[in-house]
Amino acid sequence: MVALDVPLNRLFGYGVGDFDPQVGQRVIVPFGPRQLSGVVIERRTDAGDFTGKTRNILAVRDDLPALPAATLSLCQFVADYYHHPMGAVISSALPTVFRNVPAFKAPAPACVYYTPDLQKLLASIGKRAHAQRRVAESLALPHTPAALRRVHDSGVKWAKGWLEAGLVCTAAETSVLAAASPCLPLNAEQSDAVARLSSAQGFEPFLLYGITGSGKTEVYLQTIAAVLARGKQVLVLIPEINLTPQLEGRFRARFPGVHMACLHSGLNDTERAVNWLAALSGNARIVLGTRLAVFTPLPQLGMIVVDEEHDPSFKQQEGLRYSARDVAVYRARTAGVPIVLGSATPSIESWANARAGRYQILQLKERAVPGAVLPKITLLPVKKAGLIDGFNRMAFARMHEALDRGEQVLVFINRRGYSPVLQCGECGWMASCQHCSARLVLHMRDRRLRCHHCGFEEAITHACPDCGNQDLKPVGQGTQRLEESLATHFPGKMILRIDRDSTRRKGEMDAALAQVHSGEADILIGTQMLAKGHDFDRLNLVIALNADTGLFSVDFRAEERLFALLTQVAGRAGRRETPGEVMIQTAFADHPFYHQLLGRDYAPFAERTLIERTEMLLPPAAAWALFRAEAPEIEQALAILKLIRACFEQLDSNLLQPITLNQPVAATMVKRAGVERAQLLIAAPQRAQLQRALHQAMPHIEVIKTGKGRWSLDVDPIEV
Ligand SMILES: Nc1ncnc2c1ncn2[C@@H]1O[C@H](COP(=O)(O)OP(=O)(O)OP(=O)(O)O)[C@@H](O)[C@H]1O
Ligand SMILES: [Zn+2]
């Protein structure tokens, strides 16, 4: 029986022919007129049902060793829990190259070049051959071919020449032992955490609840050292943001002799496949990756770390809608290994688990750098009259002071583009997307109006299409407008805007961060990309604009997210000896949310939120499944959901009894990318009850005729 990535929720039977495929092996099979790559899930000796028309497999691919049973059963759990076809789950768990029919040819293993005697090497190079001398000097430290090419285009060619001349050596990338960055002497809380984590036996889930800058990373590093010393592999999951290089650097510096494999979207398909195979073979001892890495086979898994466990990017929002954090916890349990979920603002789900005693709490209450304290938070009222280009006067005053002291300032606004609305001053018309129920965002630099939901764009209109008025005004501000106005208020200061538009191309983010670290940049304007995880030395003042937008959302998780985001943003300030200050501009200074934020203590907020959720029967006090449907017309989408709802109504009464069946409703943003959307929420007090009902209902739901529409299921949705 073979699992194939086709939209049918079943396995497919094939004959073995002349092959001897093992369970977990990759095979090529005929499927209609096509050939597909699949994975053997089961071998049956009773050919009973399959004689006659059964076709044979065409090939067994040995580019991929058979997947271990643990990986197959993890995929099976995910397929069952998220109600997704097994073939599709396996396919998404595998690196892309193994989803294709052709065999994957792994490139020769990367080596590094270095010189044992730099003086001798330099002596062999002409004084004026500056480029060659530069490459030679770089070889004092081991360089991979790719790194050498960055030094100079001909770097590798020259290194090969010197290799032949005996002036340069090569070594396998992993065997080079540079000096490890020293372990920091831990404070009492950190060493308690490391002690408890490294002595954990079997499945033990921990919540590492530590304020920003409390040295959670150092706790991971020293715990990982202990796990590696026992000969085990470690899986480290991090959110889908541009933090990987920084974190990767810290890990590599600490464990220079250890083979570490990264798995994230910054790698090409070949690199991913090579790293993944290194994990599977056991060669890679540390796997550091984003969401998808949770499926990486690790034969000697000894511990799982989920950093910033509250981050929404751990949940995939399309196709296989899994939560990598939840899957990681399941994986740790079946593998019988400890798992640590780290955050300054744990998800309310994990908070509830810790409160219920299911997770052990390890708390870090102090900032790690001696003398560093949490920043002071001030709320600045936004009264229209008093604002200068959107800023309270006080904010400007503080910015001047900080810049005069030679420090950096971060202005945080979670909105890219120039302004979110282009409006006609006469009739009130606003530029909207033709395909979505959304406004078009003005991008001044390239004079375009863009939809941030579907990617639609058009040239800026110069006259109102409704009344012909030529006075169209940008309303509200985004990062680009902020950049423009700050440039006039702070002439001569280097302003660096970091958002998705300014870092689209490869290397742009690294270059920007380098400018922050070198101190070149004075004012940073950033969206949430810059809010998380970065460790800057000279940043003591953070100003957050427009935070209120998260406060009045229909999504019950909006406050939780805003708290996490503002805590992260605030956490960038004052990470060294100088105390930081955070100013949040708000029109709702009396809102209980801000009171709790001012307390800089997440616990009271989490407690209040958990009580509210329990009273209102919201997750985690209930289990949710959300069916979404989309169709050209909203009525069609609603009709599909009515049919789905009917499948639940027909369940046995004991299955149906604990279930709350809501009515299908239009989505908050009805139209998106040209289709209209609706949703149907199914709830139950417990996950198991919800799962039983889903398992009974799904076979009926899968055969519903959907006409021009389609539906999808999101178990444990994080956006509603
Ligand atoms: N025991 C220690 N003594 C001195 N400095 C430390 C210690 N532990 C960590 N640090 C330093 O403190 C700073 C913050 O640590 P780290 O980045 O690990 O914090 P974090 O808890 O992961 O923060 P965040 O949640 O904001 O990402 C780093 O510069 C780190 O080198
Ligand atoms: Zn659109």
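Computed from a prediction, not measured in an experiment: that's the story for all the values here.

Some words on empty space enclosed by the protein
Line of reasoning, step 1. Under the defined criterion, the tally for this structure stands at one cavity of 30 Å³ or more.
Line of reasoning, step 2. Computed from the structure, the largest cavity encloses a volume of approximately 30 Å³.
Line of reasoning, step 3. Lining the largest cavity, in full, are L67, T71, C75, I90, A93, L94, W276 and F295.
Line of reasoning, step 4. Breaking the lining of the largest cavity down by element, the ones donating at least two residues are α1 (69–82) and α2 (86–93).
Line of reasoning, step 5. Considered class by class, the residues forming the lining of the largest cavity number seven nonpolar, one polar and no charged.

Describing the coordination of the zinc ion (ligand 2)
Tetrahedral coordination by four donors puts the ideal angle at the metal at 109.5 degrees, and octahedral coordination by six puts it at 90 or 180 degrees.
Line of reasoning, step 1. Of the protein atoms, only C433 (SG), C436 (SG), C451 (SG) and C454 (SG) coordinate the zinc ion (ligand 2), at distances of 2.3 Å.
Line of reasoning, step 2. Between consecutive donors of the zinc ion (ligand 2), the numbers of intervening residues give the motif C-x2-C-x14-C-x2-C. One end of the pair, C436, is in the loop between β18 (421–424) and β19 (441–443); the other, C451, is in the loop between β20 (448–450) and β21 (457–459), with 15 residues separating them in the sequence. The same class applies to C436 and to C451, which are both buried.

Some points on the layout of surface pockets
Line of reasoning, step 1. By volume, the second largest pocket is sized at about 760 Å³.
Line of reasoning, step 2. Considering the residues around the second largest pocket, the lining is formed by 35 residues, among which G215, T217, R250, D535 and R575 are closest to the centre.
Line of reasoning, step 3. Broken down by secondary-structure element, the contributors of at least two residues to the lining of the second largest pocket are α8 (216–229) and α9 (244–254).
Line of reasoning, step 4. The greatest single-element share of the lining of the second largest pocket, amounting to five residues, is contributed by α9.
Line of reasoning, step 5. For the lining of the second largest pocket, the class distribution of residues is 13 nonpolar, eleven polar and eleven charged.
Line of reasoning, step 6. In terms of domain composition, the lining of the second largest pocket takes at least three residues from each of domain 3 (188–364) and domain 4 (376–418 + 477–611).

Considerations on the UniProt feature "binding site: Zn(2+) 2" (unreviewed entry) in the protein
Line of reasoning, step 1. Listed under "binding site: Zn(2+) 2" (unreviewed entry) in the UniProt record, and renumbered for this structure, are C433, C436, C451 and C454. Across 22 residues in sequence, these annotated residues keep their C-alpha atoms within 8.7 Å of one another, forming a single compact spot.
Line of reasoning, step 2. As for its position among the elements, C433 is in the loop between β18 and β19.
Line of reasoning, step 3. When residues no more than four places from it in sequence are discounted, the contact partners of C436 are C451, H453, C454, M669, K671, R672 and A673.

The rules behind each value
The residue count restarts for each chain, going from 1 along the sequence in the order it is written. All chains are assigned letters beginning at A, and all ligands numbers beginning at 1, according to the order in which they are written. It should be noted that, the model being predicted, local features are given only for residues of pLDDT at least 70 and side-chain atom pairs only at 80 or more, the latter also being counted only at that level, while totals for whole chains, interfaces and linings use all residues. Heavy atoms from the whole structure form the basis of all side-chain values; hydrogens and water molecules are not counted. Of the two site types, the cavity is a set of points on a 1 Å grid over the protein atoms alone where a 1.4 Å probe fits but cannot get out, and the pocket is an open set with protein on both sides within 12 Å along at least five of seven lines, each lined by residues with an atom within 4 Å of a point. Grid points are joined across faces, edges and corners, and a volume is the space filled by probe spheres set on the points. A run of DSSP states H or I qualifies as a helix once it reaches four residues; a run of E qualifies as a strand once it reaches two. Both are numbered from the N-terminal end. Any residue outside Ala, Val, Leu, Ile, Met, Phe, Trp, Tyr, Cys, Pro, Asp, Glu, Lys and Arg is labelled polar, Gly included; the first ten of those are nonpolar and the last four are charged. In this listing, donors mean N, O and S atoms no farther than 2.8 Å from the metal, or 3.2 Å for Na, K and Ca; water is missing from the atoms, so a site can look incomplete. A 1.4 Å probe rolled over the protein chains alone gives each residue an accessible area, and that area as a share of the maximum for its type sets the label: buried under 20%, exposed over 50%, partly exposed in between. Note that the domain bounds were set by an automatic or database domain assignment. UniProt positions are given in the numbering used here, feature names are shortened, and annotations may be inferred rather than shown by experiment. Throughout, a contact is declared for two residues whenever any of their heavy atoms are within 4.5 Å.

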